[in-house]
Amino acid sequence: MSDVAKISFGDKEIECPVVVGSEGEQGIVISKLRAETNLITVDNGFANTASSSSAITFLNGEKGILRYRGIAIEELTQQSSFIEVAYLLVYGELPTKTQLDKWESDIKQHTLIKEKMVKFFDAFPQDAHPMGVLSSASSALSTFYQELLDPKDEEAVDLAIIKMIAKLPTIAACAYKTSIDQPRVYPRNDLSYCANFFNMMFSVPSETLEIPDVVVEALNLLLILHADHEQNCSTSTVRLIGSTQANLFASISGGISALWGPLHGGANQAVMDMLTSIQADGGDVSKFVLKAKDKSSGVRLMGFGHRVYKNFDPRATILKGVCDKLLAQLGITNPLLNIARELEAAALSDEYFVKRKLYPNVDFYSGIIYSALNIPVNMFTVMFALGRLPGWISHWKELNETPTTRIGRPRQIYTGHNSRPYVPIDQRG
Ligand code: CMC
């Protein structure tokens, strides 16, 4: 195997080193290309560009493989807690029992948010989208913990990580309770991470809430499945912000904003809106499939397609199975699930989707599960953010620990006006 690639342009030929990853994938290093040829590379949407090397997550889109730190998500979802997976992602190894106990206990010590910050939620409009609140509140944490902002201070970083993981569920539940004008519920450290979140979301001070194990298990699984996905848009955003040596809280806030869009994490809410509108329109999935194939309609089949997965999304496969089981266990019948199944079958047998290798992604079934757990639709993307948090953190940490990290600063091909004179306002027209 050659370890250099030759690029020739005009009468010039340059040799570019080829790097090989631990799973055999190869990449041409073009960093010297501009210096030696005056050429830059153009890659719309970074579809063919590795922004960095990373040892966190391996994804093979052709074979439908997803592993965190080398361990298959199928194994992790069956055997781990989300908090254990968070440790694995952030620190690279599964924790020992002692390490896990300490990690859990440290996180529990930091679940409260400052009272001043609790008041902060009242400043938003009642109908504020919780993703806007989550992103703002995450950034605001940097104002409360100014001693934890230096990305090169290892101790401060470890504490910032614990605070971030501990407080994001509290912030999310606080945003929800504020939006429905109910008293905010303080965290309970006798509960697990997932059970505590449910309690903060759904209990009221006047009653004790019984949280079925099946509900806690489903949330645990959902969070694990969302925990990392290598260089996806929000993680790349976190890395780009982090490359400026911005603090963890600010970097995560940017990741939350990137996740919000309907082409990324916002797709889970968009899927639910789509299924509801198909139902309201009489439930005819073929009509919707026709619309999704018509480029002029501006409509896409939400929850379908992926930049990397071209056979199946292993997360969607797990979720589809869980969805059936959970609804049966909870005794719920959701007509939207039937519409989803019909829509999936119609798309998977349609040449348009088959030819373009468009399959259900993680967002296709997750919304139906969130609904079964009583999570309101506008909180779906917040749930994704809670899950993706350890992934964002681990990438931010990896980036800061890599001595060769440089500020992220892409180039462009300029297509605007050439130099032209300034025209005074009274001569324009
Ligand atoms: N419905 C209809 N057509 C589609 C869809 C879709 N959901 N997705 C892609 N296409 C078509 C697209 O129009 C293009 O057709 P053509 O080759 O004729 O121009 C072709 O398939 C390739 O699509 P693309 O937009 O170039 O693919 P991409 O890799 O840039 O985008 C995607 C990936 C996920 C943004 C896109 O598939 C999409 O918009 N899906 C719907 C939104 C969604 O479910 N997003 C969640 C992604 S998974 C969770 C996450 O990571 O956040």
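Just so we're clear, the structure is a prediction, and the values are computed from it rather than from any experiment. (Residues numbered from 1 in each chain as written. Predicted model: local features only at pLDDT ≥ 70, side-chain atom pairs only at ≥ 80, totals over all residues. Heavy atoms only, no water.)

Engineer: Please clarify how the overall build of the protein chain should be interpreted in this entry.
Structural biologist: The helix and strand inventory of the protein chain stands at 18 helices and six strands. Compactness check: the protein chain gives a C-alpha radius of gyration of 23 Å against a globular reference of 22 Å for 429 residues, within 12% of the reference. Counting only C-alpha atoms and orienting by the principal axes, one finds that the protein chain spans roughly 80 × 65 × 55 Å. The buried share of the protein chain, reckoned over its 429 residues, is 47%. Taking all contacts inside the protein chain whose residues are at least 6 apart in sequence as the whole, residues at least 24 apart take part in 70%. Of the accessible surface of the protein chain, which amounts to about 22100 Å², a share of 52% is contributed by carbon and sulfur atoms. For the protein chain, the distance from the average position of its 41 positive side-chain charges to the average position of its 47 negative side-chain charges is 6 Å. (Helix = DSSP H or I, 4+ residues; strand = E, 2+ residues; numbered from the N terminus. Rg over C-alpha atoms; globule rule 2.2 N^0.38 Å. Buried < 20%, exposed > 50% of the residue type's maximum accessible area, 1.4 Å probe, protein only. Contact = heavy atoms within 4.5 Å. Areas by Shrake-Rupley, 256 points an atom, 1.4 Å probe, with all protein chains shown as cover. Lys, Arg positive; Asp, Glu negative; His and termini not counted. Charge placed at Lys NZ, Arg CZ, Asp CG, Glu CD.)

Engineer: Explanation requested: the pairing of strand E2 (residues 12–20) in the structure shown.
Structural biologist: The two faces of a sheet get side chains in turn, since along a regular strand they alternate between them. In terms of strand pairing, strand E1 (residues 4–9) meets E2 through six bridges, oriented antiparallel. Note on E2: the bridge partner recorded for alanine 5 is cysteine 16. Hairpin geometry of E1 and E2 is characterised by an intervening segment of two residues between the two adjacent antiparallel strands and by a positive phi of about 60 degrees at glycine 10. Pairing of E2 with strand E3 (residues 26–28), which is carried by three bridges, proceeds in the antiparallel orientation. Its bridge partner being in E3, valine 19 is matched across the sheet by glycine 27. Counting the residues in the hairpin turn of E2 and E3 gives five residues, including glycine 24, whose phi is positive at 90 degrees. (Pairing = 2+ DSSP bridges.)

Engineer: Looking at this structure, how should I read the packing of aromatic side chains?
Structural biologist: The description of an aromatic ring pair rests on the distance of the ring centres and on the angle between the ring planes. By the definition in use, this model includes 15 aromatic pairs. Arranged with centres 6.4 Å apart and planes meeting at 65 degrees, the rings of phenylalanine 197 and phenylalanine 198 form a pair that is edge-to-face. Chaining the aromatic ring pairs together yields one cluster made of Phe304, Tyr352, Phe353, Phe364 and Tyr365. Here the basic side chain of arginine 356 rests over the ring of tyrosine 352, its NZ or CZ set 3.8 Å away from the ring centre. (Phe/Tyr/Trp six-rings, centres within 6.5 Å; stacked < 30°, edge-to-face > 60°. Lys NZ or Arg CZ within 6 Å of the ring centre and 35° of its normal.)

Engineer: Mind showing me how you'd approach the site of the ligand here?
Structural biologist: In the region of the ligand, 22 residues are neighbours, and His264, Lys295, Arg300, Leu301 and Arg307 sit closest. Taking glycine 265, its main chain carries an N or O atom lying 3.5 Å from an oxygen atom of the ligand. Arginine 300 has a polar side-chain atom sitting 2.6 Å from an oxygen atom of the ligand. When the ligand is considered free in solution it has 930 Å² of accessible area, and contact with the protein chains removes 76% of it. Of the residues in the shell around the ligand, the class split is 11 nonpolar, six polar and five charged. (Near = heavy atom within 4 Å. Polar contact = N/O pair within 3.5 Å; in protein donor to acceptor, adjacent residues only side chain to side chain. Nonpolar A, V, L, I, M, F, W, Y, C, P; charged D, E, K, R; others polar.)

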